[in-house]
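# Coordinate inspection notes
Residues per chain, in single letters:
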Amino acid sequence: MAAAFAMALGFQSCSENIDDSDFAIKTEQTLADFLQTNAEFSEICEIFSEVPLGSKAEASSILSALSARGNYTVFAPTNGAVEAFAVKCGHSSYKELTSEEKYLIAYSCIIDNGTNEAYESPEFPQDGSAFALPDLNDRLITCQLVDSLDQYVLNGTSLLTKTDIELGNGYLHVVGDSPIAPSNQSVADLIKESGNMKGMSALLELTGWDLTMSTDSADLDPAYEQVEHDEQLNIKNLAAFNVAKHRYQGFTAFVETDDVFEQELGVSPSDEEAFLQAITARAESVYGTTAKGDLKNPDNAVNRFVAYHILPAKVAYNNLIRHFNEYGYKYGDMKNPQTNVLSVDVWDYYGTAGEHPALIKVSQDGDTPQRETSHNVYLNRVNRYETKSYSTIACVYPGVQVTAYNNDESGQSFDNNAKNGFYYPIKGLLIDDVANQNALGSERIRFDITTILPELLSNNVRGGAYTHFPNGYFDCITNESSDTKLLYLNSASVGGTAWRDYQGDEFMACGVFDFILRLPPVPKTGTYELRFGTSHNELRGMAQLYLGDDPNNLQPAGLPYDMRQSVTDNDNIGFVADGNDENVNAENDRNMRNHGFMKAPRYAMLPDGSGTSTVLRRVESSTGCLRRIIAQQTFEKGKTYYLRFKSALEKNDAQFFLDYFEFCPAEVYNGTTPEDQW
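Residues numbered from 1 in each chain as written. Predicted model: local features only at pLDDT ≥ 70, side-chain atom pairs only at ≥ 80, totals over all residues. Heavy atoms only, no water.

A count of helices and strands for the chain gives 17 helices and 36 strands. Relative to the globule expectation of 26 Å for 678 residues, the C-alpha radius of gyration of the chain, 26 Å, shows essentially globular dimensions. Within the chain, buried positions represent 57% of all 678 residues. Pairs at least 24 residues apart make up 69% of the contacts formed inside the chain by residues separated by at least 6 positions. Summing over all exposed atoms, the chain offers an accessible surface of approximately 27500 Å²; the carbon and sulfur share of this is 47%. For the chain, the separation between the mean place of its 51 positive charges and that of its 95 negative charges on side chains is 8 Å. (Helix = DSSP H or I, 4+ residues; strand = E, 2+ residues; numbered from the N terminus. Rg over C-alpha atoms; globule rule 2.2 N^0.38 Å. Buried < 20%, exposed > 50% of the residue type's maximum accessible area, 1.4 Å probe, protein only. Contact = heavy atoms within 4.5 Å. Areas by Shrake-Rupley, 256 points an atom, 1.4 Å probe, with all protein chains shown as cover. Lys, Arg positive; Asp, Glu negative; His and termini not counted. Charge placed at Lys NZ, Arg CZ, Asp CG, Glu CD.)

Inspection of every chain in the model, using the stated rule, returns 34 salt bridges. For Arg371, the salt bridge goes to Asp345, with nearest N and O atoms at 2.7 Å. Taken as a pair, Arg371 in the loop between β13 (359-364) and β14 (377-379) and Asp345 in the loop between β11 (310-311) and β12 (346-351) lie far apart in primary sequence, 26 residues in all. Exposure class is identical for Arg371 and Asp345. Each is buried. (Salt bridge = Lys/Arg side-chain N within 4 Å of Asp/Glu carboxyl O.)

So, on to helix α3 (residues 42-50). Along α3, the residues classified as buried are Glu43, Ile44, Cys45, Ile47 and Phe48. On its buried face, α3 is in contact with α2 (31-36), α4 (62-65), β1 (72-77), α5 (79-88), α6 (99-108) and β2 (110-112).

As used in these notes, a disulfide is a covalent bond between sulfur atoms, one from each of two cysteines. Summed over the entire model, instances satisfying the criterion amount to zero disulfides. Free cysteine Cys664: the closest other cysteine sulfur is in Cys625, separated by 18 Å. (Disulfide = S-S within 2.5 Å.)

This paragraph deals with the side chain of Ser201. Take Ser201: it is sitting in helix α8 (residues 198-207). The exposure class of Ser201 is buried, given its relative accessible area of 8%.

What follows is about the packing of α8 against helix α12 (residues 272-287). α12 packs onto α8 with a crossing angle of 75° between their chain directions and a minimal axis gap of 11 Å. Overall, the two elements α8 and α12 adopt an arrangement that is roughly perpendicular. Of the residues in α12, those touching α8 at Gly199, Leu203 and Leu206 are Phe275, Leu276 and Ile279. Residue classes in the contact of α8 with α12 are distributed as five nonpolar, one polar and no charged. (Axes fitted to C-alpha atoms, helices over the stretch in contact; angles between N-to-C directions. Parallel < 35°, antiparallel > 145°, perpendicular 65-115°, else oblique. Nonpolar A, V, L, I, M, F, W, Y, C, P; charged D, E, K, R; others polar.)

In terms of nonpolar packing, the biggest core is built from 131 residues, with Phe254, Phe305, Leu453, Phe507, Phe645, Phe656 and Phe661 touching the most fellow members. With sequence-adjacent residues up to four places away left out, Phe645 is seen in contact with Phe513, Asp514, Phe515, Leu517, Gln544, Leu545, Phe656, Leu658 and Phe661. Counting residues in hydrophobic clusters, the runner-up holds 33 residues, among them Leu35, Phe41, Ala106 and Val174. (Core = buried A, V, L, I, M, F, W, Y, C linked by side-chain atoms within 4.5 Å.)

Assignment of secondary structure puts Thr115 in the loop between β2 and β3 (127-130). In this structure, the C-alpha to C-alpha distance between Thr115 and Asn71, residues 44 residues apart in sequence, is 6.9 Å.

A word on unusual backbone geometry. The omega torsion of the bond from Thr368 to Pro369 falls at -5°, within 30 degrees of zero and hence cis. Position of Pro369 relative to the elements: it lies in the loop between β13 and β14. You will see that Asp164, though not glycine, has its phi angle at about 65°, which is positive. Secondary-structure assignment places Asp164 in strand β6 (residues 158-167). Positive phi, close to 50°, is recorded for Asp569, a residue that is not glycine. A relative accessible area of 80% places Asp569 in the exposed class.

Attention now moves to the environment of Ala68. Tracing the chain through its elements places Ala68 in the loop between α4 and β1. Under the relative-accessibility criterion, Ala68 is labelled partly exposed at 35%. With 148 residues separating them in the primary sequence, Ala68 and Asp216 have C-alpha atoms 38 Å apart.

Another point: the packing of aromatic side chains. Applying the stated criterion across every chain, the model contains 43 aromatic pairs. We note Lys314 situated over the ring of Tyr248; from NZ or CZ to the ring centre the distance is 4.5 Å. Against the face of Tyr561 rests Arg628, its NZ or CZ located 4.9 Å from the ring centre. (Phe/Tyr/Trp six-rings, centres within 6.5 Å; stacked < 30°, edge-to-face > 60°. Lys NZ or Arg CZ within 6 Å of the ring centre and 35° of its normal.)

Next up on the list: the sheet that holds strand β23 (residues 467-469). Here we have six strands laid out as an open sheet, ordered β8-β9-β23-β25-β26-β35, and mixed in their pairing. For this open sheet the edge positions go to β8 (232-234) and β35 (655-658), each flanked by a neighbour on one side alone. Taken pair by pair, the neighbouring strands of this sheet meet at an average axis angle of 35°, ignoring direction. Here strand β25 (residues 485-490) runs beside strand β26 (residues 505-510); their pairing, made up of six bridges, is antiparallel. Counterpart to Tyr488 in the pairing with β26 is Phe507. (Pairing = 2+ DSSP bridges.)

The next thing to look at is helix α11 (residues 258-265). For α11, the full list of buried residues reads Asp258, Val260, Phe261 and Leu265. The buried side chains of α11 occupy one side of the element, clustering within an arc of 160° when seen end-on. Elements in contact with the buried residues of α11: α8, β10 (251-256), α12, α13 (301-307) and β21 (421-426). Looking at the residues trailing α11, positive phi occurs at Gly266, about 75°. (Arc of directions from axis to C-beta.)

Viewed as axis vectors pointing N to C, α3 and α5 meet at an angle of 65°, and their least axial separation amounts to 7 Å. By the angle class used here, α3 and α5 are roughly perpendicular. Counting all contacts with α3, which are made through Ser42, Glu43, Ile44 and Ile47, the residues of α5 involved are Asn79, Val82 and Glu83. Of the residues belonging to the contact of α3 with α5, the class tally is three nonpolar, two polar and two charged.

What follows is about a negative patch on the surface. Residues Glu117, Glu120, Glu123 and Asp333 make up a contiguous surface patch of negative charge. Inspection of the secondary structure puts Glu117 in the loop between β2 and β3. (Patch = residues over 30% accessible without salt bridge, like charges linked within 9 Å, V, L, I, M, F, W, Y side chains within 5 Å.)

Shown next, in the form of structure tokens:
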């Protein structure tokens with residue numbers, strides 16, 4: 001405690017002169033008491049007293065809420081910071097702020113931690129990631145520890161001059177230069193404002209992607225807001241699910257800095273004509289010359305080059321991949337898994353935006369073995385692994401490194417947290433050429449269902465509470481029957497250390513369900529085995545699956561699949577938990593494949609956070625954890641494929657479990673070397 005106190009006092013402002021004697025550490029004062037008795041916060045205190053908490057007429061003020069019981073994290077701007085915000089808004093004084101501007105600054109200062117403890121500085125993200133919980137504006141706050149200052153910076157621009165003032169209902173941290181009110185600009189606007197991304201900014205404008213990525217085109221879905229939704233949905237045999245309050249849409253962009261373009265193309269983006277010629281030549285060598293010269297045409301090579309940099313979801317850096325129950329991992333806090341010690345590599349896959357979606361892999365190198373790249377995040381990196389411990393042997397395809405925040409060569413930091421998404425600098429040229437396609441198409445592709453449903457990411461649902469989504473909520477799910485109920489469940493919400501889910505969460509359809517799911521693209525044309533992760537129990541349902549590239553003419557994929565059947569002692573499945581004899585285990589794997597099943601990957605463990613819990617392949621249980629093989633067939637690059645799930649039961653409480661999918665190329669599942677268990 002003494003060390004933490006000393007650290008807190010060590011954060012001194014470069015531009016504010018705040019009297020430390022005014023600060024009471026670890027008292028029963030409330031946050032409101034503290035703000036009201038310290039003159040340096042008189043302006044934000046006045047704003048808090050004017051702005052109501054909520055939209056109802058009888059709502060009390062934010063200041064009143066901060067005087068009550070609770071767990072709040074408050075990033076309190078000093079008077080100087082509030083005045084800086086007023087100047088930024090075009091005013092001479094904070095008293096001229098409009099109601100909308102007061103709401104923005106007030107709601108951006110506070111995170112309501114609910115039943116969890118408020119954030120202390122040791123829990124702050126240090127690498128430009130976002131806090132797990134949003135502010136009162138429903139926006140995520142990014143945080144970076146700047147080594148040269150030994151201070152935290154929020155949203156790329158707001159410096160914390162003091163941290164960890166512990167009060168009776170939360171923690172207060174002082175913002176001493178500018179308030180953390182996040183930008184209301186679009187992703188494309190922030191890229192344009194940065195001083196080191198002239199090349200991509202020009203390409204966004206020339207291709208029209210800047211307009212596609214505007215906040216007018218993608219932000220809060222007005223149609224969803226106009227419908228009054230219930231607050232909760234009770235599901236028989238499950239629980240009460242919060243109904244999704246909003247439907248945000250957005251983008252995430254991976255952006256080459258200008259020096260990367262110059263290094264890769266031999267020309268600086270400052271020479272606009274030469275740069276456009278160079279990038280056009282490179283793009284056409286990959287994407288062809290269709291619609292040559294018409295950069296706004298989605299078939300144009302430059303347009304497709306830009307589209308491959310964009311995900312149709314707003315994803316915070318730390319949500320690009322999820323750590324939870326990978327092999328050997330100790331998560332520490334189940335609700336906020338640690339990222340300091342990473343046992344093995346972690347990855348996921350995303351489909352890109354545009355009319356020609358392609359596949360992007362996002363991965364993070366782990367600590368087995370410890371290497372210079374450990375903890376770095378990459379796009380399309382492919383590593384080779386040892387089959388007994390899953391330690392990394394070699395990098396087969398290096399991919400492109402991603403960084404969480406944008407600092408130029410002079411050290412200036414730029415905000416990359418836009419109203420409708422994020423952008424991240426990358427350290428190499430990102431292009432879906434033959435080498436890239438071959439690298440991604442040479443390995444088993446395992447993607448969590450959350451990454452193919454952009455709305456889960458844009459609305460910060462992944463890793464959060466139980467949530468129900470009304471029909472029509474997802475762009476990738478269509479043709480839902482009226483009785484289809486789509487649900488997200490997360491084990492951390494209920495302390496589910498015995499759950500068998502990959503990455504600790506799952507997606508579920510309930511009722512007499514019938515819906516079509518659009519699958520992500522394959523990286524190259526070839527024969528793949530399509531599988532999905534599943535878990536059985538007596539409350540599950542039975543469904544007929546259909547597969548094809550025409551959603552209006554999908555063909556049955558095997559016989560109806562019954563998730564109610566026991567996993568063990570079942571000749572239709574053939575499951576026997578792994579023992580110590582690998583030859584016996586391999587024979588059992590072959591037997592299961594003959595029945596259309598596989599065990600869960602060895603990569604995933606029961607999520608008790610110990611790092612030594614049982615791998616799912618060894619879990620002996622009638623409810624088990626499996627992979628169901630859907631089909632082996634040719635999948636073409638550039639084609640969209642669909643899966644239909646239609647209940648085979650007239651049972652309004654049947655549950656159909658979906659966790660993850662796999663596209664496994666024939667060279668892996670039927671190669672000269674048997675597919676590994678991971």
